[in-house]
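The primary structure of each chain is shown beneath.
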Amino acid sequence: MMKKILFVTSEAHPLIKTGGLADVSGSLPKALAELGVDVRLIMPNYRAIKTTEEIYYKSTVRVNNTDVNILETRLPGTQVIVWLVDYPEFFDFPGNPYVDEQGNAWANTAERFALFCRIAVEVAMNRSYLEWTPDIIHCNDWQSGLVPALLSLEASRPATVFTIHNMAYQGIFPKTTEASLNLPKSLWNPDGIEFNDMLSFIKGGLAYADRITTVSPTYAQEIQTADFGYGLEGLLSHRKEVLTGIINGIDANQWDPETDAYISERYNISTLNKKQLNKTALQNKHSLPVDNNIPVIALVSRLVEQKGIDLVLECLPEMLTLPLQFFLLGNGNKSFEQQLSLFAETYPDKIAITIGYDEALAHLLEAGADIFLMPSRFEPCGLNQLYSQRYATVPIVRKTGGLADTVVDTLPETLSKNTATGFVFNEATSGALMETIKRALIVYSQPKTWKQLQTTGMKKDYSWTKSAKEYMALYEQL
Ligand code: ADP
Ligand code: GLC
């Protein structure tokens, strides 16, 4: 019998997305369902959820003296059932899952996700009138961290998997929050959800889940060290027997240059010359000089320290002396947003900066750019370097996490073995980034070699097929 999986997540594309967790939560369950797995999602019913699918009432569950409704819908365009935890007092507000419209973290973040976790536990235990008993609860990131902890107290419970998408976000709150959440006292200890006398949601996953995964093999190693573990490296290396890295796949239908509805001209490996029409569209859209020969560098990202935006800012003055155009789409840190916008005002024919979140532009940038920048300080997996390879846009990445696992540097031997797909640098310094940009520009001026990088990248299979099977194998062991 195929195992039944409850997938617990705080965001899922296309319902709601702030980053890669949504891409994974939207595409992995779909891939599992295609392999015949009965997988269902549970997430909060935020006001910002967008869907054309019907949403209907299923049941009401009482937890911690609170009545909460469960609504049901489908992951758009699929048969995958999604249960929405409907508690308007917490979730019916504008803004995203983590911050309000002004970008401030919700004051009741802990209460919100604790309630969400309690409902997920009721569904897991089939106490929520949904008449479905999962075998495995697959939790993702700290927002679902209390689920393995609470389930550990149940006499007969499903198995738990906790996937780390990012160790930098841990859901840490003052001790007083723990008391107000009315959590079982037995969980409050240094081997449990207590962390330096604070409440840690992520520890609920890391300490209690039967299996831990993260989103690349390299990141699975990195988080066992002090530089990447944020104080939890000891716990993670203690649990290394149950910790594995499974590289993310991509939604190969949504990110396909041959069918992409967001781009100006579609192309594939044998019509690669049409890619340049997307470059023209991009240059026109942002009023930059239309020039097919000038290399276009793009970056699409949350503007946070993780992504090495400061390194890009340090490189910009020198980059602007070179014959290139730079397009950036992102939002986040206000100081990064302001500094980038200032560059764009000063050099309007070389840089176009779009501050905001724009799904369509993200696709056009993948299609229209020649080079994609990901100088991340750390990157659990990263998805844009995978999209870039599929769109024949050569990535420049720092050698960390999933970037190290998925981009092959251009060197004499990788060129002769036909494995090179991009440019990789080690040091998290602007000097190393600048050198690598120059290295890429030299190869860009050699059309035959450039085309080799593009086609090698395009031929790689980054669909979920392989990784979804790795998750299935893991579920089978439990
Ligand atoms: P992370 O999850 O750390 O943000 P990933 O590389 O895993 O990084 O995934 C980021 C996802 O979010 C990609 O699909 C990327 O295209 C998308 N994205 C990030 N910022 C924006 C933005 N401003 N507009 C549109 N899409 C964005
Ligand atoms: C996180 C990571 C990113 C990863 C994504 C999906 O947000 O920062 O590297 O690709 O989750 O797993």
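What comes next is a walk through the structure. (Residues numbered from 1 in each chain as written. Chains lettered and ligands numbered in written order. Predicted model: local features only at pLDDT ≥ 70, side-chain atom pairs only at ≥ 80, totals over all residues. Heavy atoms only, no water.)

1. Points about the site of ligand 2
Neighbouring residues of ligand 2: 13 residues in total, closest His 165, Asn 248, Glu 379, Cys 381 and Gly 382. Within the backbone of Cys 381, one N or O atom sits 3.0 Å away from an oxygen atom of ligand 2. Between ligand 2 and Gly 382, the relevant distance is 2.8 Å, taken from an oxygen atom to a main-chain nitrogen or oxygen of the residue. When the free accessible area of ligand 2 is taken as 310 Å², the share hidden by the protein chains comes to 93%. Sort the elements by how many residues they give to the shell around ligand 2 and helix H1 (residues 20-34) lands first, with three residues. For the shell around ligand 2, the per-class residue count stands at five nonpolar, six polar and two charged. When residues are assigned to domains, the shell around ligand 2 turns out to be shared by domain 1 (4-249 + 464-477) and domain 2 (269-458), each giving three or more. (Near = heavy atom within 4 Å. Polar contact = N/O pair within 3.5 Å; in protein donor to acceptor, adjacent residues only side chain to side chain. Areas by Shrake-Rupley, 256 points an atom, 1.4 Å probe, with all protein chains shown as cover. Helix = DSSP H or I, 4+ residues; strand = E, 2+ residues; numbered from the N terminus. Nonpolar A, V, L, I, M, F, W, Y, C, P; charged D, E, K, R; others polar. Domains from an automatic or database assignment.)

2. What to know about the packing of helix H17 (residues 430-444) against helix H18 (residues 447-459)
In a pair of packed helices, the angle between the axes and the distance between the axes together describe the arrangement. Where H17 contacts H18, the axes come no closer than 7 Å and their chain directions differ by 110 degrees. As summarised for this structure, H17 and H18 are arranged roughly perpendicular, according to the angle between their axes. Counted together, Ala 440, Val 443 and Tyr 444 of H17 and Pro 447, Thr 449, Trp 450 and Leu 453 of H18 form the full contact between these two elements. Looking at the contact of H17 with H18 residue by residue, the classes come out as six nonpolar, one polar and no charged. (Axes fitted to C-alpha atoms, helices over the stretch in contact; angles between N-to-C directions. Parallel < 35°, antiparallel > 145°, perpendicular 65-115°, else oblique. Contact = heavy atoms within 4.5 Å.)

3. Points about the sheet that holds strand E7 (residues 159-164)
If you walk across this open sheet you meet the nine strands as E3-E4-E5-E2-E1-E6-E7-E11-E12, and the pairing is mixed. The strands lining the two open edges of the sheet, one partner per strand, are strand E3 (56-63) and strand E12 (243-245). Neighbour-to-neighbour, the strand axes of the sheet open up by a mean angle of 25 degrees, direction not taken into account. Sitting on the sheet, helix H3 (residues 109-124) touches strand E1 (4-8), strand E2 (38-44), E3, strand E4 (66-74), strand E5 (81-86) and strand E6 (136-140), and the angle it makes with E2 is about 155 degrees. Each of E1, E6, E7, strand E11 (211-214) and E12 touches helix H19 (residues 465-477); the most contacted strand, E11, lies at about 170 degrees to it. (Pairing = 2+ DSSP bridges.)

4. As for the pairing of strand E17 (residues 394-398)
The buried fraction of E17 amounts to five of the five residues, a majority that puts the element mostly inside the structure. Neither face of E17 is open: one carries Val 394, Ile 396 and Arg 398, the other Pro 395 and Val 397, and all of them are buried. As paired strands, strand E16 (residues 371-374) and E17 are joined by four bridges and run parallel to one another. Looking at E17, one finds that Met 374 is bridged to Val 397. In the classification by handedness, the crossover that spans E16, the intervening helix H14 (residues 384-390) and the parallel E17 is right-handed. Pairing between E17 and strand E18 (residues 423-425): three bridges, direction parallel. Bridging from a neighbouring strand, Arg 398 pairs with Phe 425 of E18. (Buried < 20%, exposed > 50% of the residue type's maximum accessible area, 1.4 Å probe, protein only. Right-handed = clockwise from strand over helix to strand, strands pointing away.)

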